[in-house]
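So you can see what is in the structure, the chains are spelled out below.
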Amino acid sequence: MKHALFPFSVRSASARTAAARSAFIRYIRACASVLLSAALISCRPVPDAGGDTEITLVTYNAQTFFDSVTEGSEFREFRKADWNEGLYRTRLERLAGTLSAAAAIPDTEEKPAASGLTEFLQSLRRFAAAGRKLPDIAVLQEIENEEVLRDLTAFLPVPDFYPHILFVPAGKGSAFSTGILSVFPVASCTIHSIQDKSGVSLRPAAEVLLETGSGPLVLFAVHWKSKSGNNGSRGIRAAQEEVLAARIRVLQRMKPDVPFLVCGDFNQQPEEFTQLRSLRCAWDFLPAGAGTYFWRGNWEKIDNIFVSAHFTPGLESGANRFRIAGDGGLQDRDGAPYAFRIHTGQGFSDHLPLVFRFRYTTPQPSEARKPAALPNSTASSLSSGKPSVPIRANSFS
């Protein structure tokens, strides 16, 4: 069956039965609890090595993005008749359009209409027809599995735009995880994980080494413990920050010339960080009253992008820029994120995308900047989990 807008199809539930797919997922999770799958799905060229490369990165919590096949691990409302293949396809179309809209350059490119969902979707179709650019790197939280990422590519304005699809398999008891779409080759992938006192694995940090046209770039992608329903969540996030900061210290010491970015949904405000405070972040450069998540009448800055010192001069000069992609239908009539509601089929996500557009100039050893020193690791109420493990990248067409 062909989609009305994009001439690519999502594999139907009948084509991949629940029983067969359940067995496959059980196998993957059993033998690859810390494996990252990397799918090579095209041969899109990377810019020539050296020189200056303009890169756009988007981090976005897509809000409980499940596929249409029931596995039993989904949230309860996604295991009922309200959730179906049609709604799944609709969400894929909206997510594809959101990524395209997020990549638009403010004030120089057309942005989606702001007068409602219908007009917004119409403008997304114009984006698709014009072959609008997509982010070079998209980091998506709350994705159920790799199938969602692969299905998403069928709805993109340029379906083969991302040669590299990375998915961090969800841990035991977790309904979703983080996915990364990249135009740049993946040189290596590592997962840094921790465990709580009972031995339960918490959401890990994924460390990805990308080979851009101008040199290597390290990307850390995270989704930390939320504040809801657990009084001990602060300690869990502190432990997650500790693991991340320790790895950054190693990177700064061993490879000071390699720039890095840390992005994702941290589920805490900028002032709540302890060990990452010495790094510049998106909220140092965005308006004070802005946010990406709206909670009890207030904007929160829980989505974030931290940058290494390599990008600071560009941020101070305006050559590198952060922005919140809150254009058009991504916000409701009150200005809050237009959250997806399964009972109506309306909305996008309860978060807004956070965008970083930057220029990456090939670093020279003589230009190495002294990194901002992260504080030493502090005691945590959680124990270290499995050691950081290099990930085998499986390539297939």
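Every value quoted in this text rests on a predicted model; they were computed, and no experiment measured them.

A. Structural view of the environment of Leu330. Residue placement: Leu330 occurs in the loop between β15 (321–324) and β16 (354–361). With relative accessibility at 3%, the residue Leu330 sits in the buried group. For the pair formed by Leu330 and Ala101, sequence separation is 229 residues and the distance between their alpha carbons is 9.8 Å.

B. Fine view of the packing of helix α2 (residues 85–102) against helix α4 (residues 146–153). Packing of α2 against α4 brings their axes to within 9 Å, and their N-to-C directions diverge by 70°. On the basis of their axis angle, the class for α2 and α4 is roughly perpendicular. Relative to α4, the crossing made by α2 is right-handed. Residues Tyr88, Leu92, Leu95, Ala96 and Leu99 of α2 form the contact with α4, whose participating residues are Glu147, Val148, Asp151 and Leu152. The class makeup of the residues in the contact of α2 with α4 is 7 nonpolar, no polar and 2 charged.

C. Focus on the side chain of Glu142. Along the chain, Glu142 falls in strand β3 (residues 137–143). No salt bridge is formed by the buried Glu142; its nearest oppositely charged neighbour, Arg203, is found at 5.5 Å. At 3.2 Å, the side chain of Glu142 forms a polar contact with the side chain of Asn61. When sequence neighbours within four positions are dropped, the list of residues in contact with Glu142 reads Asn61, Gln63, Thr64, Phe65, Phe176, Ser177 and His223.

D. Spatial organisation of the pairing of strand β6 (residues 186–192). Within β6, 5 of the 7 residues are buried, leaving the element largely enclosed by the surrounding structure. Strand direction decides the pairing type here: β6 and strand β8 (residues 205–212), joined by 6 bridges, are antiparallel. Residue pairing across strands places Ile191 opposite Ala206, the latter belonging to β8.

E. The arrangement of the side chain of Ser233 in detail. Note that Ser233 resides in helix α5 (residues 233–254). When near neighbours in sequence (up to four residues on either side) are disregarded, Ser233 contacts Lys225, Ser226 and Lys227.

F. Looking closely at the pattern of salt bridges. What the rule picks out here adds up to 6 salt bridges. The closest approach of N and O atoms between Arg357 and Glu54, which form a salt bridge, is 3.8 Å. With Arg357 in strand β16 and Glu54 in strand β2 (residues 52–65), this residue pair connects regions lying 303 residues apart in the sequence. The class of Arg357 is buried, set by a relative accessible area of 14%.

G. A look at unusual backbone geometry. In the Ramachandran plot, Thr64 falls in the positive-phi region, its phi being about 40° despite a non-glycine side chain. Note on Thr64: relative accessible area 10%, which makes it buried.

Conventions adopted
Residues numbered from 1 in each chain as written. Predicted model: local features only at pLDDT ≥ 70, side-chain atom pairs only at ≥ 80, totals over all residues. Heavy atoms only, no water. Helix = DSSP H or I, 4+ residues; strand = E, 2+ residues; numbered from the N terminus. Buried < 20%, exposed > 50% of the residue type's maximum accessible area, 1.4 Å probe, protein only. Axes fitted to C-alpha atoms, helices over the stretch in contact; angles between N-to-C directions. Parallel < 35°, antiparallel > 145°, perpendicular 65-115°, else oblique. Left-handed = near helix turned anticlockwise from the far one by under 90°. Contact = heavy atoms within 4.5 Å. Nonpolar A, V, L, I, M, F, W, Y, C, P; charged D, E, K, R; others polar. Lys, Arg positive; Asp, Glu negative; His and termini not counted. Salt bridge = Lys/Arg side-chain N within 4 Å of Asp/Glu carboxyl O. Polar contact = N/O pair within 3.5 Å; in protein donor to acceptor, adjacent residues only side chain to side chain. Pairing = 2+ DSSP bridges.

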